[in-house]
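Residue-level structural notes
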Amino acid sequence: MLELFHNLTNPEWLMQYGGLYFVALIVFAETGLFIGFFLPGDTLLFIAGMMIAAALSPFDSSIANLAYWVALIAAAGIVGNYVGYWFGRRSGDMLFQRKDTWLFKKRHLYQAKEFYEKKGGGAIVLARFLPMVRTFAPIIAGVVKMDAKKFSFYNIVGSLAWVGSIVSAGYLLGENAWVKGNLEKIIIGIVVVTTTPVLVKMLKGRKKPTMVVPLPVTQAEDTETDQQTEPK
């Protein structure tokens, strides 16, 4: 896996094995397949921007190339999310009928359903910028049967915003000599910046104490308690 990660962050290796079309395939896998959660999508998009800046393909204009590849890679991310949404929608009924276990709690599905009904659109867009989360967000949206039209709108907006921003950053900085000489450090920085919020959220969720809220005592119960404790 480490060797694969190293190859995927090597522009020369990417150009040898499909170039930017291969990047689009990886983006599809990361956003649409369970097994794609470990793929370095953000890093690949930044490198894709550098590759676009250095090559005039398929058009002679670099701006036209940027628009073409952003549209193509974003489309791969959109289709990937649709695959995840479809899978979640098909398996959702089975999960809602499943009995609770120590690992699976049905109440989590209801909580997710309520969350997506209130803030589902923002969650779909924000998930694009969070590794691992972007793999499972469309699946959960399908499981809780988020409205298909609403999902489609935010799916398209989120993919265009994610791909467009990071690819454009790589495109603008790709010709910078310092960026070329410190690409490995930049890759590590991108990984740290994008994964830290996810790790912090996970750690907070584990350490968060469970608060026990005392039930209010009615006047009748209070009087009865006093009578029981009053010495005879």
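Notes on the structure follow. Only a predicted model underlies this, so the values are computations on that prediction, with no experimental measurement involved. Every chain's residues receive numbers from 1 upward, in the order its sequence appears when written. This being a predicted model, a pLDDT of at least 70 is required before a residue's local features are given, and a value of 80 or more before pairs of side-chain atoms are given or counted; all residues contribute to the totals for chains, interfaces and linings. Hydrogens and waters are ignored; side-chain quantities use all the structure's heavy atoms.

1. Concerning a nonpolar patch on the surface
Note the threshold: Each patch groups residues whose relative accessible area exceeds 30% and which form no salt bridge, using 9 Å between like charges and 5 Å between nonpolar side chains of Val, Leu, Ile, Met, Phe, Trp and Tyr. Only the protein chains shown count as cover for residues, and the accessible areas themselves come from Shrake-Rupley with a 1.4 Å probe. What counts as a salt bridge is simple: a side-chain nitrogen of Lys or Arg found within 4 Å of a carboxyl oxygen of Asp or Glu. Strands here are runs of E lasting at least two residues and helices are runs of H or I lasting at least four, both read from the DSSP assignment and numbered beginning at the N terminus. Here the term buried applies to any residue with accessible area under 20% of the maximum for its type, exposed to any over 50%, and partly exposed to those in between, with areas from a 1.4 Å probe on protein chains only.
A contiguous nonpolar surface patch, about 960 Å² in accessible area, is contributed by Leu-4, Leu-33, Phe-34, Ile-35, Phe-37, Phe-38, Trp-86, Phe-87, Met-132, Phe-136 and Ile-140. Residue assignment for the nonpolar patch shows that the elements contributing at least two residues are α5 (62–97) and α7 (133–143). Mapped onto the secondary structure, Leu-33 falls in the loop between α3 (19–32) and α4 (41–54). For Leu-33, a relative accessible area of 31% puts it in the partly exposed group.

2. A word on the pattern of salt bridges
Taken as a whole, this structure holds two salt bridges when the rule is applied. Among the ionic pairs, Arg-134 bridges to Glu-30, the shortest N-O distance being 2.9 Å. In this pair, Arg-134 is assigned in helix α7 and Glu-30 in helix α3, connecting sequence segments 104 residues apart. On the basis of relative accessibility, which here comes to 0%, the residue Glu-30 falls in the buried class. Its salt-bridge partner being Asp-42, residue Arg-134 comes within 3.0 Å of it at the nearest N-O pair.

3. Describing the packing of aromatic side chains
So the rule is basically this: The aromatic pairing rule takes the rings of Phe, Tyr and Trp, using the six-membered ring of Trp, and pairs them if the centres are within 6.5 Å, calling planes under 30 degrees apart stacked, those over 60 edge-to-face and the rest tilted.
Overall, the coordinates contain eight aromatic pairs when judged by the stated rule. With a centroid separation of 5.7 Å and an interplanar angle of 85°, the aromatic rings of Phe-59 and Tyr-68 are classed as edge-to-face. By relative accessible area, Phe-59 is classed as partly exposed at 38%. Overall, Tyr-68 belongs to the partly exposed group, its relative accessible area being 28%. Through a chain of ring-to-ring contacts, three or more aromatic side chains come together here, namely Tyr-21, Phe-59, Tyr-68 and Trp-69.

4. Quick notes on the nonpolar core
Generally speaking, a soluble globular protein has its nonpolar side chains buried in company with each other. Going by this rule: Grouping buried Ala, Val, Leu, Ile, Met, Phe, Trp, Tyr and Cys residues that are joined through side-chain atoms within 4.5 Å yields what is termed a nonpolar core. Two residues qualify as a contact provided that any one of their heavy atoms is within 4.5 Å of a heavy atom in the partner residue.
Counting residues in each nonpolar core, the largest one holds 33 residues, and the members touching the most others are Leu-8, Leu-14, Val-23, Leu-45, Ile-73 and Val-163. Of all elements in the fold, only α2 (11–16), α3, α4, α5, α8 (148–173) and α10 (183–207) reach the threshold of two or more residues within this core. Among the elements that take part in this core, α4 stands out by supplying eight residues, more than any other. The contacts of Val-23, once residues within four sequence positions are left out, are Leu-14, Leu-44, Ala-48 and Ile-73. Judged by nonpolar contacts, the second largest core, of ten residues, contains Ile-124, Ala-137, Val-144 and Met-146.

Interpretation in functional terms is not warranted from these geometric data alone.
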